[in-house]
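Listed here are the chains, written in short residue letters.
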Amino acid sequence: MNGLVESSRRSAQRSALVASRVPRGLTPTALVAVVGVVFVLIWGQQYAGSVFVLAACYAIVTAGMAVQIGFSQQIAFSQSVFMGVGAYGVAMLNTHYNMPVLIATPIVLVGSALLAILLGSVVTRASGLALAVATLMLPLIAVGYVSGTGFLGGAVGAPLPGTLWPSSSASTSVALVGGGLIVIALLALAVFIAARILTSDIGLELFVLGVDERTAAALGVRTPRRKLELFTLGCVFAALGGAMYAGTQQFVPETLVDPTAELALLIMLFIGGRRSVIGAVVGALVIQYLQGASNWVSVNILVVEGLLLTVVLLVDPEGLAGIVTTGIAWLRPRLGAAPAEPTEAAEVAEVAEPAVLAEPGVLAEPAEPADEGRLGARDPQTALLEIRSVFKEYGGLSVLEDVTLTLPERGLFALCGPNGAGKSTLLNVIGGSVPPSRGQVILSGADITRRPPHERFHLGVSRTFQSVHLIKGRTVLDNVAVACLASHKASITTRIARSRLDQARAQASRALADLGMEHLAGREVSSLTLEAQRMVELARALAPNPRLLLLDEPASGLSQEQRQRLAVVLAALARRTCVFLVEHDLTLVAQVSERIFVLSAGRVVFDGGPDDFRSSPVVNSLLVGS
Amino acid sequence: MMKFGNLLIAGITTGAIYAMFAVCVSVWYRVSNILNLAVGDFAMVGALGVDNLYRVKGLPLPVAIVCTLLVVAAFAYVYDQIVLRIAQDGPQRMDGIVVTFFFTFALSFFIDGVAKMLFGTDVHAAPALWNGASLSLGSLHFERAGLLVLACAVIIGGAFWVYIRFTLGGKALEASGENSVGARIVGIDTRRYRRLIFVGTAVIAAVFGIVESPLTGFTYLSGATISLTGFLAAAYGGFRKPGRALLAGLFIGVLEAMLGGYVSAEYGDTVLYAILAALVLAWPRQLGFESAVSG
């Protein structure tokens, strides 16, 4: 067992070493910088070069969109508006105050960031489609404002006298090439920042946020903050792209802010590949060069874009980046150049799917001491969890009525009841995703009734869901590592400098080793059997060493044999933490629990040990049937 | 008071159009989980196609209308058979935002581009189906085309309601929307309904384009605006509820007319969009957004 833990630690260290050899985000940045500089130096004064520079302005915007819209799936239609803020801001400062573009740009960026935070703190309260619809109004409002205001040049547009290249005495060719190089440098910076964030521990948080906001919150991700940060990041990148547009084109057309511009940006992102920063850059290049390629294409750009987007998405929803990735993966073994990827190797070894639980005994060992500071004093006398006369009503329907119960620091406790008795609601009330209508939830003496789910997670409340809520498209290791991230208090910008993803993965692989599942670490979760998926959920719930583990029907869908293995794991867990289990399998419940609560129509109708449980007439009539 | 009355009439007329597009969007979303962002583009094709066949090619008006509707229906059918079939019925069924938004979004671009090739960039309209000056009742004025729009909305809306409420097909439709896997298990061919409703709503949209275009005139880009309003009204109806989408469409139409008449003709739309954004942010759950997201 120790050997296995050791080997998983070594592999984590090895991946950390590999990561330190090529700094995160350097490959795409270097690619963009080298290609861009070569292009601008050779063709900077010609048409091909000017198209490249224009595309680079758009690529700064789409790089931000890849983080916000593609990767984190926060669809906000704010890019064209903030491109307008950046472009008009620079144009106004340049025209009216004679300020050089390079000095106006940072001022405009700070202004955009403040505006984005202000606007974002309102709109990011919405999720999913509500966010999309609320922000869809932004370009509509903006274009109405711009065409109605003479100050910004209205429908005619706003020209600006200054160039991006600071020296006004420079020749046209120097100004063109110099300006182009500045744009490429800023694009490389944008790509670097975006790529560093996506490959960090916060990148993993963002991925989960994109897949399912509720799961993210239950795993401790501060979703409101992350959403605001993403919105701001998208807006600032857009403003920078807009400022560069104004500086290089020396003209700001009204069409920059209208909804069509927003749609054009989305097309660039989705053709290039929504989750890939480099894909987003390529998408901007493809669209701009298509428009410049021939007169016919430029006149009929709508047909070309429509067809291209349809075909690319049909071939691969991840766009050109996805097609290239698939292509490389297909070519690699055929060329025999590089060794097969480790995930593939694991897959081959895993066809037989050995018992998930190699050796659960290790669970009996005391866990690492939990972070004492976060929990306050740990007095064995105080109860861990107290539910004090909790009520929950939906409309006029009463789901929980005066539920009161207390759980100690350690042990295994079960909650049973017929369908619709309110079991999952009670679990949700404890986990924080459902607020009670009345009553209190107390954790170690502190009232947490009004605390959001992610705060409860950091106080030591961890849970699984009735249906499996794993993050598809990620490995088992990453799915568990999500629960071990120490990034919940950190801001997204700190991850440009340093990622703590490797630490989280190391902790995750220890949790997997605890359950004897380390051999599954490299597998993509949707390729696993249901039992293995449930065990991954369990590992994820255990990994942060919770004080209270809420399990919603962990045995559903498992065979008798699998249930017995689960029972062994649960019994081991109960020795180090408090496990609260909702379960329909009465045999399993009576076998493992030291105390059982039965809920019926929202009320606790039975509370006692397994022996009373077996003989109780109430339980028999409710759960077994007469 | 008369101003209010006339604004209300104008508002209800445009509202009826929004409402019908919203119904088209939400009925198809129920079946397919795809938002049809190209619905307005079918309306544009209807209006400009009839205009082109009648005015430029010189076909008789009824023939022009029938030909246009046939072309729209055939195109919608072919699109479903090729693109949606690969996207949704293939071995790797796509889901998420790519399918929900981006295929019809690309379709909208494609249709607009083709319309630009065929019909040019000028403003045109299908010929008025009911000629004459606007009808007056006291000092209230009714545009004849507006009355036709209302009549179409009542007839088509009523037919939809009867179909969904009282026929087996309507029940099956409802079932496909509630739970498409479950519907398939009990023998409902959800793909057939996806195709049927897609072609049907495309034709309905084209009809509305033909009837409405004498009022406003269309260019090849008009479709996007119509789709947007239909999408918004459907959004305020929670996307899956045609009845609420209809009310939301009427509400947006009347609000737009009132804001244009009483607040500012120039900034009326800006204020309208600001109000609509505020509504989403204030009551996302009550307006049905949350359920649309998770469902």
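(A) Seen up close, the overall build of chain B. Regarding its fold elements, chain B presents 12 helices and two strands. What you see in chain B, going N to C, is helices and strands ordered as α-α-α-α-β-β-α-α-α-α-α-α-α-α. Relative to the compact-globule value of 19 Å for 295 residues, chain B shows a C-alpha radius of gyration of 19 Å, a close match. A principal-axis box enclosing the C-alpha atoms of chain B has dimensions of 60 × 50 × 35 Å. Long-range pairs, those at least 24 residues apart, make up 76% of the contacts in chain B with a sequence separation of at least 6.

(B) Quick look at the packing of helix α2 (residues 39–56) of chain B against helix α9 (residues 222–236) of chain B. All names here are of chain B. For the pair α2 and α9, the least separation of the axes is 6 Å and the interaxial angle reads 140 degrees. With respect to their mutual orientation, α2 and α9 come out oblique. The element α2 and its partner α9 pack so that their crossing is right-handed. Here α2 contributes Val39, Gly40, Asp41, Ala43 and Met44 to the contact with α9, which in turn contributes Ser222, Gly223, Ala224, Thr225, Ile226, Ser227 and Gly230. Looking at the contact of α2 with α9 residue by residue, the classes come out as five nonpolar, six polar and one charged.

(C) Here's a closer look at the interface of chain A and chain B. Each side of the interface is counted separately: chain A has 30 residues, and chain B has 33 residues. Where the side of chain A that touches chain B is concerned, the elements lending two or more residues are α5 (101–123), α6 (128–148) and α14 (301–315) of chain A. The element contributing the most residues to the side of chain A that touches chain B is α6 of chain A, with 11 residues. Among the residues forming the side of chain A that touches chain B, the class breakdown is 20 nonpolar, eight polar and two charged.

(D) Spatial organisation of α6 of chain A. Spanning 21 residues, α6 of chain A covers 31 Å between terminal C-alpha atoms, matching the ideal 30 Å at 1.5 Å per step. The element α6 of chain A is largely enclosed, with a buried count of 17 among its 21 residues.

(E) Just the domain arrangement of chain A, in detail. All names here are of chain A. The assigned domain composition of chain A is domain 1 (25–329) and domain 2 (369–460 + 546–624). Taken together, the eight residues of domain 1 in the interface contact seven residues of domain 2. When residues in the side of domain 1 that touches domain 2 are grouped by element, the largest group, three residues, is from helix α9 (residues 213–218). Residue classes in the side of domain 1 that touches domain 2 are distributed as four nonpolar, two polar and two charged.

(F) Representation of the sheet that holds strand β12 (residues 603–608) of chain A in the model. Residues and elements named next belong to chain A. Here six strands make up an open sheet; going across it, the order is β8-β9-β10-β5-β11-β12 and the pairing mixed. Both outer strands of the open sheet, β8 (461–463) and β12, are each paired with one neighbouring strand and no more. Direction aside, the axes of adjacent strands within the sheet are offset by 20 degrees on average. As paired strands, strand β9 (residues 548–552) and strand β10 (residues 578–582) are joined by five bridges and run parallel to one another. Looking at the pairing, Asp552 lines up with Val582 of β10. Along the sheet, helix α26 (residues 617–624) contacts β5 (411–416), β11 (595–600) and β12; its crossing angle with β11, the most-contacted strand, is approximately 55 degrees.

(G) Local environment of the confidence of the model for chain B. Per-residue confidence for chain B gives a mean pLDDT of 85; residues scoring 70 or more make up 95%. Note on residues 291–295 of chain B: pLDDT is under 50 here. Beyond four places in sequence and across chains, it has nine contacts.

(H) Focus on unusual backbone geometry. The backbone of Ala601 of chain A sits at a positive phi, close to 50 degrees, despite the residue not being glycine. In this structure, Ala601 of chain A sits in the loop between β11 and β12. What makes Ala601 of chain A partly exposed here is the crowd of 15 C-beta atoms within 10 Å. Phi is positive for Asn33 of chain B, which is not a glycine, with a value near 60 degrees. Position of Asn33 of chain B among the secondary structure elements: in the loop between α1 (2–32) and α2.

(I) Representation of the pairing of strand β6 (residues 438–443) of chain A in the model. Residue and element names in this part refer to chain A. Alignment of strand β3 (residues 385–394) against β6, held across five bridges, turns out to be antiparallel. When the bridges of β6 are listed, Glu386 appears paired with Ile442. Relative to strand β7 (residues 446–447), β6 runs antiparallel, the two sharing two bridges. Note that in β7 the partner of Leu443 across the bridge is Ala446. The hairpin turn running from β6 into β7, its antiparallel successor, is two residues long, and Ser444 in that turn takes a positive phi close to 50 degrees.

(J) Quick peek at the pairing of β10 of chain A. All names here are of chain A. Most of β10 sits out of view: five of its five residues are buried. Alternating residues of β10 divide into Cys578, Phe580 and Val582 and Val579 and Leu581, and every residue in both groups is buried. By the bridge criterion, five bridges tie β5 to β10 in an arrangement that is parallel. The residue bridging Phe413 from the neighbouring strand is Phe580, located in β10.

(K) Quick look at the packing of helix α10 (residues 242–263) of chain B against helix α11 (residues 268–282) of chain B. Residue and element names in this part refer to chain B. Between α10 and α11, whose axes approach to 8 Å, the crossing angle comes to 135 degrees. Between α10 and α11, the crossing angle belongs to the class labelled oblique. Helix-helix and strand crossings are classified by hand; for α10 and α11 the assignment is right-handed. Where α10 abuts α11, its residues Leu255, Glu256, Leu259, Gly260 and Val263 lie against Gly268, Val271, Leu272 and Ile275.

(L) Representation of the sheet that holds strand β4 (residues 397–407) of chain A within the structure. Residue and element names in this part refer to chain A. Strand order across the open sheet formed by four strands is β4-β3-β6-β7, with antiparallel pairing between neighbours. Here the strands that pair on one side only, and so sit at the sheet edges, are β4 and β7. Note: β3 against β4, seven bridges, orientation antiparallel. Residue Lys392 lies in a different strand from β4, and its bridge partner there is Leu400.

Calculation criteria
Each chain has its residues counted from 1, following the order in which its sequence is written. Here every chain gets a letter starting at A, and every ligand a number starting at 1, in the order they are written. In keeping with the model being predicted, local features are shown solely for residues with a pLDDT of at least 70 and side-chain atom pairs are shown and tallied solely at 80 or more, while totals for entire chains, interfaces and linings include all residues. Every helix listed is a DSSP run of H or I at least four residues long, and every strand listed is a run of E at least two residues long, numbered separately from the N terminus. Here the globule rule reads 2.2 Å times residues to the power 0.38, and the radius of gyration is calculated from C-alpha atoms. Whether two residues are in contact depends on their C-beta atoms, placed from the backbone: they are in contact if these lie within 7 Å. Here the axes come from fitting lines to C-alpha atoms, over the contacting stretch only for helices, and the angles between their N-to-C directions go from 0 to 180 degrees. Relative orientations are named as follows: roughly parallel for angles under 35 degrees, roughly antiparallel for angles over 145 degrees, roughly perpendicular for angles from 65 to 115 degrees, and oblique for any other angle. Crossings are assigned a handedness: left-handed for a near helix turned anticlockwise from the far helix by less than a right angle, right-handed for a clockwise turn. Only Asp, Glu, Lys and Arg are considered charged in this grouping, and only Ala, Val, Leu, Ile, Met, Phe, Trp, Tyr, Cys and Pro are considered nonpolar; every other residue, Gly among them, is considered polar. In a helix, the anticipated span is given by 1.5 Å times the number of residues less one. Working definition of burial: number of other C-beta atoms within 10 Å of the residue's own, with buried at 20 or more, exposed at 12 or fewer, and partly exposed in between, all C-beta atoms being placed from the backbone. Throughout the structure description, domain borders are defined by an automatic or database domain assignment. For two strands to be treated as a pair, DSSP must find at least two bridges joining them. Scored from 0 to 100, pLDDT records how confident the predictor is in each individual residue.

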